[in-house]
Amino acid sequence: MTTTVAPIPTADASVSLRRSLAVAASLVLLATHALAARSDRYRDHAPAMAFAQQWATDNQQPVDEIQAVVGKAKRLKRVIKLVSPAPKTFQKDWFSYRQRFVEPIRIKAGQRFWARNRATLKLAEAQFGVPAWLVVGVIGVETLYGRYAGKVPTLDALATLAFDFPESHPRAAARSAFFRDELGHFLTLSRSSSTPIEAWRGSYAGALGIPQFMPSSWKKYAIDFDGDGIVDLKNSEADAIGSVANYFAEFGWQRDMPTHFPVTLKAKGRPLKQLLEPDIIPSFQPSEMHALGGQLGGKAKQHPGLLALVKLENAGKRRDTFIAGTQNFYVITRYNWSSYYALAVIKLGEAVQRKMPKTP
Ligand SMILES: [Ca+2]
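Calculation notes
Residues numbered from 1 in each chain as written. Predicted model: local features only at pLDDT ≥ 70, side-chain atom pairs only at ≥ 80, totals over all residues. Core = buried A, V, L, I, M, F, W, Y, C linked by C-beta atoms within 7 Å. Buried ≥ 20, exposed ≤ 12 C-beta atoms within 10 Å, placed from the backbone. Contact = placed C-beta atoms within 7 Å. Axes fitted to C-alpha atoms, helices over the stretch in contact; angles between N-to-C directions. Helix = DSSP H or I, 4+ residues; strand = E, 2+ residues; numbered from the N terminus. Parallel < 35°, antiparallel > 145°, perpendicular 65-115°, else oblique. Expected span 1.5 Å × (residues − 1). Arc of directions from axis to C-beta. Pairing = 2+ DSSP bridges.

**A look at the nonpolar core**
Grouped together as the largest cluster of nonpolar side chains are 89 residues, with contacts concentrated most on V135 and A159. Excluding residues that lie within four positions of it along the chain, A159 makes contacts with Y42, A48, V70, A73 and L183.

**Concerning the packing of helix α8 (residues 132-143) against helix α12 (residues 237-250)**
The geometry of a pair of packed helices is captured by two quantities: the angle between their axes and the separation between those axes. Between α8 and α12, whose axes approach to 10 Å, the crossing angle comes to 110°. Considering their axes alone, α8 and α12 lie roughly perpendicular with respect to each other. Facing L134, V135, V138 and I139 of α8, the residues of α12 in contact are A240, I241, V244, A245 and F248.

**Section: helix α2 (residues 46-58)**
End to end, α2 covers 18 Å across 13 residues, agreeing with the expected 18 Å (1.5 Å per residue, within 8%). Here α2 has its buried residues at A48, F51, A52 and W55. Angularly, the buried residues of α2 cover 100° about the axis, an arc narrow enough to put them on a single face. Along α2, exposed side chains directed more than 90 degrees from the buried face belong to A46, A50 and T57. Those residues of α2 hidden inside the fold are in contact with α3 (63-71), α9 (154-163) and α10 (172-191).

**Points about the pairing of strand β3 (residues 260-265)**
Of the strand pairs in this sheet, β3 and strand β6 (residues 321-325) are connected by three bridges, and their pairing is antiparallel. Directly across from F261, in β6, lies its bridge partner A324.

**Some thoughts on α3**
Burial in α3 covers these residues: I66, Q67, V69 and V70. What you see down the axis of α3 is that its buried residues fit within an arc of 160°, all on one side. Relative to its buried face, α3 has exposed residues pointing more than 90 degrees away, namely D64, E65 and A68. In the core, the buried residues of α3 are packed alongside α2 and α9.

Here's what the structure looks like:
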């Protein structure tokens, strides 16, 4: 941390009391800054140092070296703020969520991305069964095709979430454990890369690169898809495409299965509660959903798998949105655990696809 020191007035018999008070005040301020700078670093944080020691031992690395790396991490107040629970007044709104992602700029960028990666998208579809529109939808929602991959230092973000996750969060303990694990994977990832650990940038939650993979996902699902021998999700669109397709294939994407069907809601009271109970997990035979009042069309009735009644809330006077999600809808939520996210990805991917010229 650099601190600019205010010039101290030259010694002079006429130095006023006010002036010396001002100097004293600025010295106090400097001291406070220095203190804040010290406590913002994780080198003074016992649980962080214990974590580094454990990680070093588990991975047969020198303890002092790993403690020095983790100790460089800085606590980021804005990250803590961003993961704090939303205020109770927060109103979910599918309509505005959709408008944020399915809009002309993103669709245009998606068309360009699709056009310049046509062969790669085709190859990914052939190899993994994951359609181009889905990959295009995901990368568009995540980073607007690499334009906004995040500028938060990943080491600082992950350390902050691992060791200072807000206790007001209902799942604080589980989240801290999750981010400690991600920090461990990030240490591994950065050690296998030529990029110095403090140079990595990503989202405030530690997601990285064009497809915003968490470090654990990078390790498990990222692949080299342009054949240069390096897995590079920061710069290679082909690697990003192959990795997204691989991710979905690993989570059980079914080739050619629709993601969802329209549903007309006639259910009330107990049957409605029963339909909504399993949330996004496909739990009902189509005939069962239909009988409970989640009315389905012909195609949905013939769907061979289970369905989920997915509810997306709308603000104001708009009615809530309901869809009948399939296993593939559920698979999209494994990328980001939100039905709003999954449906936005689908709608963006489809919107881009409609604009693409048909090629044989
Ligand atoms: Ca590559």
